[in-house]
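Architecture and fold: a report
Chain by chain, the residues run as shown.
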Amino acid sequence: MTGHTDYDALVIGAGFSGIATLHFFREAGFKTLVVDKEAEVGGTWWVNNYPGVRTDSEYPYYSFSFSKEVREEWDWSERYPTGKEVLSYLKFVVERLDMRKDMLFNTAVNNAAYNETDKVWEVSLSDGRTLRVKYLVSAMGVLSRPIWPDIPGREKFKGEMLHAAMWPREGFDLKGKRVGLIGLGASGLQITPTIAPEVAELKVFQRTPNFVVAAKSPKTTPEELAKVRAEYDEIWERAAGHPFGVDMVPAKYSAKEVSEEERRRIFESKWDEGGFHFANECFNDLATDHESAELASEFIRSKIREIVKDPDTAELLCPKDYAFNGKRVPTGFNYYETYNLPHVQLIDAKTTPITEFTEKGLKVGDTEYELDVIICATGFDAMTGNLTNLELVGRNGKVLREKFAEGHIGGNLGISYNGFPNFLVALGPQTPYSNLPVPIQLGAQWMADAISFARDNGIEELEATPESEEWWAAESERAGKATVMYEQGKKAKAWFLGDNVPGKPRQLQVYMGGGQVYQEFCRQAKEDGFRSFRAP
Ligand code: N01
């Protein structure tokens, strides 16, 4: 029998995942507490307040579908809402659904240990308390453990050193400053055009260029919002059934099946539509066929050469060592155009890498660049970073990071790990590579169903079976290797392979087989009475 508990469930993190988990757990009748080390709700959208931060998924499916009140009452202002607007939305959800009373802020989980006798998790908090809970849920986020660049001398720099994911809460005035930017993933690409107009000089140090698809963010109209509301359930259904969790029409043809002229016409029209329409709606094999991915690459290179006036800069911006989809596709808002500004300079940090930070700036080979501010938009220890950092002790004193070191980062379906009973992960490693609110909401609902089933059937412990972990590791690898992302990602040192973190073993960090396939596996597990989550 389970010993005394303070809560049925404790959820770590009050971002999208924590909010959805709280919603479904409360609905299912579980007394749940959410704790977050930050001062507010929002997770990623609270922490990331760097200049230019915004979504690159469109608002109708970059949001929850579960609350009719929220859907009816919240008005989005533009297609790709800014970080500030997403944060306001999450605050609105929390207020409207009266969630704050079940949330605790400025409180970190120091460690958690499973008490095998009482079958409870003992969770020690930074406020000095130890709570006993039946279920412990990680909703700590997947791209939220920032990493600094592997360049010596950071402490020497006498100017201001900022990280995109640790931007000062109160903002930072860059007006008139000489700024250096390292990192051109989604974060750096949003920062570049946003800060360029106000700084005195912007030096962008590029190691690997990206294939950036253009995006525009028109303002919404009352008519459009009304239409989205009327069609909301269908929009959500389509997004849930799409491999990447977006409401887009999968293309029917291969890029190799059409004439060159027709291909160009289709690429142009989806480029104009903007954002992920280009990746998802042009052709059906840009993520699975290397030649088709190369055709898309060549189109984007032609766009770069068209937009960027200086031919040397344009060539430097053209990725040549890997093809489209080799990195997580980023969207750009005036990104390439920014290099036409006279005070913006692109510096090749690939041929000659950045060797060190100095008192005055940084050095690339023998050249020292003097700077007032250095911005590192150098990414995250993705998917596993927060989990390996947590002192989470399961059966027989085993720590989760030890299990990860053995290679089982995804457990069963990225949700549960053998040896860690009643510990569940919202959006764990090897969950879908997708527009995230969709798998977040579906995953939270699934977890609530799983623990309801356990309660209703007298099952004390939910825990992945060893066989299910072997199966999921093999399926994740099979699915990943069937995509362009795997081979191209290796060339591009993609975070979805773990290649961006020195020393991290190369392993698929996400499930590449498609969100709809993943959901089908989850549905089957539920239909099967969660058998693969009932070790031994
Ligand atoms: O990080 P990244 P990010 N010298 O890992 C460079 C999500 N996201 O924060 O490619 C020079 O993509 C590194 O270079 P290289 C989204 O899923 C979403 O931008 O390794 N450069 C790379 O350019 C995204 O994919 C939004 O050669 C160095 C950069 O740092 C994920 O978060 C917005 C270097 C890191 O890029 C991560 O994006 C923001 C060095 N020594 C983020 N070390 C939305 O729009 C590293 N780099 C919703």
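Residues numbered from 1 in each chain as written. Predicted model: local features only at pLDDT ≥ 70, side-chain atom pairs only at ≥ 80, totals over all residues. Heavy atoms only, no water.

**A word on the overall build of the protein chain**
Just so we agree on the cut-off: Every helix listed is a DSSP run of H or I at least four residues long, and every strand listed is a run of E at least two residues long, numbered separately from the N terminus. We call two residues contacting when some pair of their heavy atoms lies within 4.5 Å.
Looking only at helices and strands, the protein chain features 17 helices and 18 strands. Taken along its principal axes, the extent of the C-alpha atoms in the protein chain is 70 × 55 × 45 Å. Within the protein chain, residue pairs in contact and separated by at least 24 positions form 71% of the contacts whose partners lie at least 6 positions apart.

**Notes on unusual backbone geometry**
We count it as follows: Between buried and exposed lies partly exposed: a residue is buried under 20% and exposed over 50% of the maximum accessible area for its type, with that area taken using a 1.4 Å probe on protein chains only.
Omega for the peptide link from Ala535 to Pro536 comes to -5°, which places this bond in the cis form. Mapping Pro536 onto the fold places it in the segment after α17 (515-527). Look at Asp98: it is not a glycine, yet its phi comes out positive at around 50°. Residue placement: Asp98 occurs in the loop between α4 (83-96) and β3 (103-104). Classification of Asp98 as partly exposed rests on a relative accessible area of 43%.

**A short note on the site of the ligand**
Test applied: Any residue with a heavy atom positioned within 4 Å of a molecule or strand is treated as near that molecule or strand. Any N or O atom pair separated by 3.5 Å or less is treated as a polar contact, with the protein-specific requirement of one donor-capable and one acceptor-capable atom, and with residues adjacent in sequence counted only for side-chain atom pairs. Polar here means any residue other than Ala, Val, Leu, Ile, Met, Phe, Trp, Tyr, Cys and Pro, which are nonpolar, and Asp, Glu, Lys and Arg, which are charged; Gly is therefore polar.
In the neighbourhood of the ligand, 23 residues make up the surrounding shell, with Ser187, Arg207, Thr208, Lys327 and Trp495 lying closest. Between an oxygen atom of the ligand and a side-chain N or O atom of Gln190, the distance comes to 3.1 Å. Lys327 has a polar side-chain atom sitting 2.8 Å from an oxygen atom of the ligand. When residues of the shell around the ligand are assigned to their parent elements, the largest contribution, three residues, is made by helix α5 (residues 186-195). Its residues assigned to classes, the shell around the ligand shows 10 nonpolar, eight polar and five charged.

**What to know about the sheet that holds strand β8 (residues 178-182)**
Just so we agree on the cut-off: What makes two strands pair is DSSP finding at least two bridges between them. With axes taken as lines fitted to C-alpha atoms, and helix axes fitted only over the stretch in contact, angles between N-to-C directions fall between 0 and 180 degrees.
Taken in spatial order, the five strands of this open sheet run β7-β16-β8-β9-β12, and their pairing is parallel. Strands with a single pairing partner mark the edges of an open sheet, and in this sheet they are β7 (160-163) and β12 (344-348). Neighbour-to-neighbour, the strand axes of the sheet open up by a mean angle of 20°, direction not taken into account. Examined bridge by bridge, β7 and strand β16 (residues 373-376) share four bridges and lie parallel to one another.

**Brief notes about the pattern of salt bridges**
It is possible for side chains of opposite charge to pair when their charged atoms get near one another. Heads up, the condition is: Any Lys or Arg side-chain nitrogen found within 4 Å of a carboxyl oxygen on Asp or Glu counts as a salt bridge.
Throughout the structure, instances matching the rule amount to 54 salt bridges. Between Arg54 and Glu78 there is a salt bridge, with the nearest N and O atoms lying 3.0 Å from each other. Here Arg54, found in the loop between α2 (44-47) and α3 (68-73), pairs with Glu78, found in the loop between α3 and α4; they are 24 residues apart in sequence, far enough to count as distant. The shortest N-O distance in the salt bridge between Glu463 and Arg395 comes to 2.7 Å. In this pair, Glu463 sits in the loop between α14 (437-456) and α15 (466-481) while Arg395 sits in the loop between β17 (391-393) and α13 (400-405), placing the two residues 68 residues apart along the sequence. On the accessibility criterion, Arg395 (22% relative accessible area) is partly exposed. The network of salt bridges with shared partners includes Glu294, Glu298, Arg301, Arg305, Glu315 and Lys320.

**Quick look at the pairing of strand β13 (residues 354-357)**
Looking along a regular strand, one sees the side chains alternate between the two faces of the sheet. Alignment of β13 against strand β14 (residues 361-364), held across three bridges, turns out to be antiparallel. Bridge pairing in β14 places Glu356 opposite Lys363. Hairpin remark: β13 followed by β14, antiparallel, with three residues in the connecting loop.

**Description of the nonpolar core**
Worth spelling out the cut-off: Each nonpolar core is a collection of buried residues, namely Ala, Val, Leu, Ile, Met, Phe, Trp, Tyr and Cys, held together in the definition by side-chain atoms within 4.5 Å.
Counting 131 residues, the largest nonpolar core has Phe64, Met103, Phe278, Ile300, Phe324 and Ile375 as its most contacted members. Considering each element in turn, this core owes the most residues, 10 residues, to α14. Once you skip the residues sitting within four places of it in the chain, Ile375 turns out to touch Leu162, Trp167, Leu174, Val179, Gly180, Leu181, Ile182, Ile191 and Ile195. Ranked by size, the runner-up nonpolar core spans 23 residues in total, among them Ile12, Leu33, Val35 and Leu392.

**Topic: the confidence of the model for the protein chain**
Detailed reading of the predicted coordinates is not advisable wherever pLDDT falls low. To keep things clear, this is the line we draw: pLDDT expresses how confident the predictor is about each individual residue, on a scale running from 0 to 100.
Of all residues in the protein chain, 100% attain a pLDDT of 70 or more, and the chain-wide mean is 97. Prediction confidence for the complex, expressed as pTM and ipTM, is 0.97 and 0.99 respectively.

**Remarks on the sheet that holds β13**
Strand order in the open sheet formed by three strands is β13-β14-β15, with antiparallel pairing between adjacent strands. In the strand order of this sheet, the two ends are held by β13 and β15 (367-370), each with one partner. Between one strand and the next, the sheet's axes are offset by a mean angle of 25°, whatever the strand orientation.

**Some details on empty space enclosed by the protein**
Formally: Cavities and pockets are defined on a 1 Å grid built over the protein atoms alone: a cavity is a set of grid points where a 1.4 Å probe fits but cannot escape, while a pocket is an open set with protein on both sides within 12 Å along at least five of seven lines, and lining residues are those with an atom within 4 Å of any such point. Grid points are joined across faces, edges and corners, and a volume is the space filled by probe spheres set on the points.
Per the counting criterion, the structure on display carries five cavities of 30 Å³ or more. The volume enclosed by the largest cavity comes to roughly 160 Å³. Contributing to the lining of the largest cavity are 13 residues, with Arg71, Trp74, Trp76, Val228 and Tyr232 lying nearest its centre. Elements represented by at least two residues in the lining of the largest cavity include exactly α3 and α6 (222-230). No other element matches α6, which puts three residues into the lining of the largest cavity. Residues belonging to the lining of the largest cavity are distributed by class as follows: 10 nonpolar, one polar and two charged. For the second largest cavity, the calculated volume is near 100 Å³. The wall of the second largest cavity is formed by 13 residues, among which Ala426, Leu427, Pro439, Gly443 and Tyr518 lie closest to the centre.

**Some details on the packing of aromatic side chains**
Note the threshold: In this analysis, rings of Phe, Tyr and Trp, with Trp reduced to its six-membered ring, are considered paired at centre separations within 6.5 Å, and the interplanar angle assigns stacked below 30 degrees, edge-to-face beyond 60, and tilted for intermediate values.
A full pass over the atoms with the stated rule returns 41 aromatic pairs. Taken together, a centroid distance of 5.9 Å and an interplanar angle of 85° make the contact between Trp271 and Phe278 edge-to-face. Residue class for Phe278 comes out buried when judged on its relative accessible area of 1%. Ring centres of Trp471 and Phe521 lie 5.1 Å apart, and the angle between their planes is 85°; this geometry places the pair in the edge-to-face category. Residue Trp471 is found in helix α15, and its partner Phe521 is found in helix α17; the two are separated by 50 residues along the sequence.

**Structural notes on the side chain of Asn280**
Mapped onto the elements of the fold, Asn280 is located in helix α9 (residues 276-281). Taking the relative accessible area as the measure of exposure, Asn280 reaches 11% and is therefore buried. Sequence-distant contacts of Asn280, that is, excluding residues within four places in its chain, are made with His242, Phe244, Val246, Met248, Val249, Pro250 and Ala251.

**Regarding the pairing of strand β1 (residues 7-12)**
Where we set the bar: Here a crossover is taken to be right-handed if, once the strands point away from the viewer, the path from the first strand over the helix to the second is traced clockwise.
Relative to strand β6 (residues 130-138), β1 runs parallel, the two sharing five bridges. Bridging from a neighbouring strand, Val11 pairs with Val137 of β6. Bridge count between β1 and strand β2 (residues 32-35): four bridges; the pairing is parallel. Paired with Val11 across the strands is Val34, a residue of β2. With respect to chirality, the unit in which β1 leads through helix α1 (residues 16-27) into the neighbouring parallel β2 is right-handed.

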